[in-house]
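Residue-level structural notes
So the chains spell out like this:
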2 protein chains.
Amino acid sequence: MRPNKRDELVRNALQVFYRDGFHATGMDKLVAETGVSKTSMYKHFRTKEELIVAALQLRDENFRTWFYQRIDALGQTPAKKLLASFDALAEWFQEDGYRGCMFIKAGAEYQDKDHPIHVQAAEHKRLLLEYFTDLARAAGAADPEKLGCQILILKEGAIVSAVLLKSCDPARDAKDAALTLLKGALPGWEKA
Amino acid sequence: MRPNKRDELVRNALQVFYRDGFHATGMDKLVAETGVSKTSMYKHFRTKEELIVAALQLRDENFRTWFYQRIDALGQTPAKKLLASFDALAEWFQEDGYRGCMFIKAGAEYQDKDHPIHVQAAEHKRLLLEYFTDLARAAGAADPEKLGCQILILKEGAIVSAVLLKSCDPARDAKDAALTLLKGALPGWEKA
DNA sequence: GCAAAAGTTTACCGATCAGTACACATTCTC
DNA sequence: GAGAATGTGTACTGATCGGTAAACTTTTGC
């Protein structure tokens, strides 16, 4: 097991950054919480920034793998998969440690558009947009770019609302909205 | 001019927090950028946290006042006002200093739901939800709570997407989505 | 079994963090 | 014009920030 400690470090650091935020997490806290010595950390990553980027890359991989798998399991056709996205989101929102989207938070803490961390966050959203757009195209939408973007907007809005609102059910309402959009965009398609 | 410096402090601190973030903004930077001495700051606010809460209260007042005014100017009926929200958002997104929603960022940096800063952010979203729900009710929606929440989800999603996506136009796509939702929710209503 | 790679502990660096103490200046109220 | 707010600059606290140095221990490959 050669690249062991490095991966373990990134995996554990990811949890801490997600739970506590980026600026609020110091390297000393990471030493305490990951069990990896500071010297080792700086042997693998030259700066805290590089460690954050690595954590975001892992998060992107983990999240999209999980998300796509749940969608495939919950929806059988492209159109139904677009809808099923929101069922997957509902499952996520109910998890104990749910704290919103790590990439929205990364973009919020590192706002400079050229900053590597911001770039990494933007790339995650680009990949999701591509995924939804591909599904919309496969479903036969006349304007898959627009429908894909709208589904993404609903997803991001639901994620934010699930953090900051207590009096409504964003996953359900976003899903219903998506259903309405699908009915409008997919002429020959009715009823989920 | 009695309560002068305090308001000036909050007004300037608001700009810095919005531009640079909360954890990333130290009190010394605020001294340099607001021209208010540290001693004075701590005479008005016992902690940095209290200053942030005051800045968020001002931001809430400023933003909602501006937002509601633009909506009233751009839309004449309740339904058209709901649509016009996204025209107002489009104007905001195009501003030079646009850096997303300050309350989403506040909620992202202070994730504990009981934290005063998080509470303040949630309150802002609650007020917006109430506003949209009232408009949906006035427009004659059968389920104004749901429609209001969906409009809010579209708004939050557009705000986030306007920060992290470069290849699409979230304000336009969200507006089109809102139009589709309105057509579905308002039986006797057609064409904006 | 041996050497190199990878990891560890401990102590440290200068800078910055939020927050305070104190002595002095300005301004408002009456 | 006196007293009370309200403001200021400067210097400071102890803690923490990101990052480094050096000496030591464990694991790994061959």
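Let me begin by describing the structure that accompanies this report.

Definitions and cut-offs
- Residues numbered from 1 in each chain as written.
- Chains lettered and ligands numbered in written order.
- Predicted model: local features only at pLDDT ≥ 70, side-chain atom pairs only at ≥ 80, totals over all residues.
- Heavy atoms only, no water.
- Near = heavy atom within 4 Å.
- Polar contact = N/O pair within 3.5 Å; in protein donor to acceptor, adjacent residues only side chain to side chain.
- Helix = DSSP H or I, 4+ residues; strand = E, 2+ residues; numbered from the N terminus.
- Nonpolar A, V, L, I, M, F, W, Y, C, P; charged D, E, K, R; others polar.
- Salt bridge = Lys/Arg side-chain N within 4 Å of Asp/Glu carboxyl O.
- Buried < 20%, exposed > 50% of the residue type's maximum accessible area, 1.4 Å probe, protein only.
- Least-squares fit on C-alpha atoms with pLDDT ≥ 70 in both.
- 1 Å grid on protein atoms, 1.4 Å probe; cavity = no way out; pocket = protein on both sides within 12 Å on 5 of 7 lines; lining within 4 Å.
- Points joined across faces, edges and corners; volume = space filled by probe spheres on them.

Description of the protein's contact with DNA strand C
Thr39 and Ser40 of chain A together with Met27, Lys38 and Lys48 of chain B are the nearest of the 16 residues found near DNA strand C. Among all atoms of DNA strand C positioned within 4 Å of the protein, those belonging to sugar or phosphate total 59%. At 2.6 Å, a side-chain N or O of Thr39 of chain A approaches a base oxygen of DNA strand C. Between a phosphate oxygen of DNA strand C and a side-chain N or O atom of Tyr42 of chain B, the distance comes to 3.1 Å. Those elements that place two or more of their residues in the surface near DNA strand C are α3 (38-44) of chain A together with α2 (27-34) and α3 (38-44) of chain B. Across the surface near DNA strand C, the residue classes tally to three nonpolar, nine polar and four charged.

What about the pattern of salt bridges?
Enumeration according to the criterion identifies 36 salt bridges over all chains in this entry. One salt bridge in this structure joins Arg64 of chain B and Asp60 of chain B, with 2.8 Å as the shortest N-O distance. Taken as a pair, Arg64 of chain B and Asp60 of chain B lie in helix α4 (residues 48-74) at a separation of four residues, close to a single helical turn. Classification of Asp60 of chain B by relative accessible area gives buried; the value is 11%. Salt bridges here are not isolated pairs; linked through shared partners, they connect Arg19, Asp20, Lys29 and Glu33 of chain A.

Details of the protein's contact with DNA strand D
Around DNA strand D, the surrounding shell holds 17 residues, and the nearest of these are Met27, Lys38 and Lys48 of chain A together with Thr39 and Ser40 of chain B. The sugar-phosphate backbone supplies 57% of the atoms of DNA strand D found within 4 Å of the protein. Lys48 of chain A is positioned with one of its side-chain polar atoms (N or O) 2.4 Å from a phosphate oxygen of DNA strand D. His44 of chain B is positioned such that a nitrogen or oxygen atom in its side chain is 2.8 Å from a phosphate oxygen of DNA strand D. In the surface near DNA strand D, the residues fall into four nonpolar, nine polar and four charged.

Things to note about the relation of the copies chain A and chain B
Once turned by 180° and shifted 0.0 Å along the axis, chain A lies on chain B with an RMSD of 0.0 Å. These values place the two chain copies in the arrangement generated by a two-fold rotation axis. Every residue of chain A has its C-alpha some distance from the rotation axis, and the shortest such distance is that of Gly157 of chain A, at 1.8 Å.

Examining the layout of surface pockets
Here the largest pocket is characterised by a volume of approximately 540 Å³. Lining of the largest pocket is provided by 29 residues; of these, Lys113 of chain A together with Tyr98, Ala162, Val163 and Leu164 of chain B occupy positions nearest its centre. Every element with two or more residues in the lining of the largest pocket is listed here: α6 (102-109) and α7 (116-138) of chain A together with α5 (78-94), α6 (102-109), α8 (144-164) and α9 (170-185) of chain B. Looking at which element gives the most residues to the lining of the largest pocket, the answer is α8 of chain B, with five residues. When the residues that make up the lining of the largest pocket are grouped by side-chain class, the tally is 17 nonpolar, five polar and seven charged. Taken as a whole, the second largest pocket spans an internal volume of roughly 350 Å³. Considering the residues around the second largest pocket, the lining is formed by 21 residues, among which Arg99, Gly100 and Val163 of chain A together with Lys113 and His118 of chain B are closest to the centre. When residues of the lining of the second largest pocket are traced back to their parent elements, those giving at least two are α6 and α8 (144-164) of chain A together with α6 and α7 (116-138) of chain B. Counting residues per element, the lining of the second largest pocket draws most heavily on α8 of chain A, which supplies five residues.

Keep in mind that these numbers describe shape and distance, not what the molecule does.
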